[in-house]
Structure formats: C-alpha cells, structure tokens
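# Breakdown of the fold
What follows is each chain in one-letter form.
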Amino acid sequence: MKSLVTSALVASALFTLAATAASAQDRPADIVSPITDGYLAPEIGADAALANGTYAYVPPTPDNAIMLFIDHQIGLMAGIRDFNALSEYKNNVVGLAKIADALDIPVLLTTSNAQWQNGDILPELKEIFADAPIYRRTGIINAYADPTFRRALLDLMEETGRTHVIVSGVTIGTCVIFPVLSMLNDGIAHVHPVVDASGAWSAYEADAAMARMSAAGAELQSVFALGAELQADWKTDTATAMLDPFVNHLPEYGFVLQNFWNNAGEAPLVADPFGVTR
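Residues numbered from 1 in each chain as written. Predicted model: local features only at pLDDT ≥ 70, side-chain atom pairs only at ≥ 80, totals over all residues. Heavy atoms only, no water.

### Here's the deal with a nonpolar patch on the surface
The condition is simple: Each patch is built from salt-bridge-free residues with over 30% relative accessible area, joining like charges within 9 Å and nonpolar side chains (Val, Leu, Ile, Met, Phe, Trp, Tyr) within 5 Å. Per-residue and other accessible areas were derived by the Shrake-Rupley procedure at a 1.4 Å probe size, with only the shown protein chains allowed to occlude residues. Here a salt bridge means any side-chain nitrogen of Lys or Arg lying within 4 Å of a carboxyl oxygen belonging to Asp or Glu. Under the DSSP-based scheme used, a helix requires at least four consecutive residues in state H or I and a strand at least two consecutive residues in state E, with every element numbered from the N terminus. Exposed residues in this analysis have more than 50% of their type's maximum accessible area, buried residues have under 20%, and partly exposed residues fall in between, with area computed by a 1.4 Å probe over protein chains only.
Judged by side-chain polarity, W234, L243, Y253 and V256 come together as a nonpolar surface patch covering roughly 360 Å² of accessible area. If you trace the backbone, Y253 turns up in helix α11 (residues 251-262). Overall, Y253 belongs to the partly exposed group, its relative accessible area being 32%.

As structure tokens, this is what we get:
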C-alpha cells in the first residue's frame, strides 16, 4: 500500500512539472533585464517635478542619510504597549540599527537621564555602534532642543552634505515627534520617522503622532520598506551585508531565503529521495 501511495505522489509531482513546462512553452519568451543594469532615477528631477506641480520623489540613500536613535532605553522600553510583544518592537529597532551598519550610514545615539529610572540604551545598539558616542541628555525631552545634540546633528549634516534624517525613538508621541516637527520647522526638508522602530504608550498616541507628522511634511517609514528603499538594487556591493537584518529580523522573508538556499546547488541540504527536485 505504501509503495502505491509513494508512486502516486511521484507521478503527481512529475505530472505537475510536465504541465508547467508545457504551459511555459505556450508563452512568449521572458524578457530578462541585463545584470549590468543599475538603478534608474526618475526622468524628471525634483525641482522640475515641483515646478510641474507633481510629487518630487527624493529617496533616502546610504549616501544622503543620517540615522538618529533616540532614547531606546531599557527602562523606557518596558512601557511600550502598542506592539503585540516587546520582542517584536526590540527586533525592529535592532534590525534598523543593522541596516544602518550594513550601509555605513552615520548614526547619532542619545539617551535621556539614563542614570535614573529610564535606564541605559539597549545593549545591542552599544554593540552595533561600538565607535559611536552616546549623547547623554540631562532633562531636555526634545533631543533636537538639546544644544549639544543639535550641534552634533547640524555639524554632521554640514560635514557630510547629507540632507535626509531618519528618526526612531522609544516613544513616537514624544521622543520622535518633537524633534521631527522641530527639524521640519528649521528647514530640514527630508525627515523620515520610522514608525515601527518607535513605540507608544497606546495606539491613540501612535495614531495622533503619525497624523501630526505626516501633515507637517514628514515622510513616514517602516523598517524593512526603508531598508529596501535604501538598498535599491540587490546587485550592489552592500547586498550581502544587508542579508543579516532581512534574514534575522524579518523572519517571514528570512524563511523564504533559507528555504531556497537549503535546496539550491549541487548538494541540497535535504536530499530528495523521490528524485523530483534537482
């Protein structure tokens, strides 16, 4: 009986492969982009698009962006309540940090009264950015309103010519929105709050903050959509380094990649006793 079932399964798989091949023969040949092709920017520049009254798409890139990590402190993280689990929130923060590291994007780290109940910055951020100083604010809630931190940000922008500021913070309704609105007020045109690397005490707080920032002109982002926008082309040199955040911090995508590589090549990780896969 078992042999009959096995034979049926193999026959079904072979039939499916044959039907797929036959169907493919009825279609026109695929048109494959040359692997030498690079990322092609929009035909119309941002200034011309604005003059035409259309949306100007000026994406963040590894060469024009800075990332801010504001108050991701172990005491404050404990109060976040708009995620199903704090592990999901922490995963996103660490994933965003690894994206910055993989793409060599400059970062600024800051904490608020870490010596007291707020606690120190996440250990993972210290580990990933071992060479980055931590700006220890001593009471000013809005990081951009802290003279030392603002000077560090503006100096970094001037020294590097970078014009996009990517922002994440422990609470979107305070730690993120206050500096975001302040930077937009001061003419920093491209400010990107990363909403799923920023928590909230309630869903109301998150919704209100996102509405206010969006209305003010901020460009809301999520971690892995931002990662894809920054990477732009999986053929570039940073692709291998970018696999770490995508595989290990976006498990839905990581499983897809791992499943493929488990069974790719001359010696798949799991041999097929039916001989159906190659």
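### Quick notes on the layout of surface pockets
Here is the rule: Only protein atoms enter the 1 Å grid used here, on which a cavity is any set of points holding a 1.4 Å probe that cannot leave and a pocket is any open set flanked by protein within 12 Å on both sides along at least five of seven lines; residues with an atom within 4 Å of a point are listed as lining. Grid points are joined across faces, edges and corners, and a volume is the space filled by probe spheres set on the points. By the convention adopted, Pro, Cys, Tyr, Trp, Phe, Met, Ile, Leu, Val and Ala count as nonpolar, Lys, Arg, Asp and Glu as charged, and the other residues, Gly among them, as polar.
Counted as a void, the largest pocket has a volume near 220 Å³. Along the wall of the largest pocket there are 16 residues; nearest its centre are T61, P62, L230, Q231 and A232. Looking at side-chain class alone, the lining of the largest pocket contains nine nonpolar, four polar and three charged residues. Space inside the second largest pocket adds up to approximately 180 Å³. D71, L76, I141, T174 and C175 are, among the 13 residues lining the second largest pocket, the residues nearest its centre.

### Overview of the side chain of H249
Rules: By the criterion applied in these results, polar contacts are pairs of N or O atoms within 3.5 Å in which, for protein atoms, one can donate a hydrogen and the other can accept it, and in which residues neighboring in sequence qualify only through two side-chain atoms. In what follows, a contact means two residues having at least one pair of non-hydrogen atoms within 4.5 Å.
Turning to its location among the elements, H249 is positioned in helix α10 (residues 239-249). Residue H249 is classed as buried on the basis of its relative accessible area, which comes to 10%. Within the structure, the side chain of H249 is placed 3.1 Å from the side chain of K98, a separation counted as a polar contact. With residues near it in sequence (within four places) discarded, H249 still touches N91, V94, G95, K98, F224 and D244.

### Some thoughts on helix α7 (residues 172-185)
Within α7, 10 of the 14 residues are buried, which leaves the element mostly enclosed by the surrounding structure. What α7 keeps buried is the set I172, G173, T174, C175, V176, I177, P179, V180, M183 and L184. Residues of α7 that are buried sit in contact with β1 (65-70), α6 (147-160), β4 (164-169), β5 (190-193) and α8 (203-216). One or two steps after α7, the chain reaches G187, where phi turns positive at roughly 90°.

### Structural notes on helix α4 (residues 86-102)
Note the cut-off: Working rule for helices: expected span equals 1.5 Å times residues minus one.
Helix length check: α4 (17 residues) gives 24 Å between terminal C-alpha atoms against 24 Å at 1.5 Å per residue, within 8%. Looking only at α4, the buried set comprises Y89, N92, V93, V94, G95, L96, A97, I99, A100 and A102.

### Considerations on the nonpolar core
Proteins that are soluble and globular tend to have nonpolar side chains buried together. Heads up, the rule is: Definition of nonpolar core: a set of buried residues of the types Ala, Val, Leu, Ile, Met, Phe, Trp, Tyr and Cys, connected through side-chain atoms within 4.5 Å.
Of all hydrophobic cores here, the largest spans 58 residues; its most connected members are M67, L68, F69, L153, V167 and M183. Excluding anything up to four places from it in sequence, F69 contacts V93, L96, A97, V107, L108, L109, T110, L125, F129 and S168.

### What about the pattern of salt bridges?
What the rule picks out here adds up to six salt bridges. A salt bridge links R137 to D71, with the nearest nitrogen and oxygen atoms 2.9 Å apart. Highlighted residues: R137 in strand β3 (residues 134-137) and D71 in the loop between β1 and α3 (74-77), separated in sequence by 66 residues. D71 matches R137 in its accessibility class, with the two residues each being buried.

Take it as geometry only, folks, not as evidence of what the structure does.
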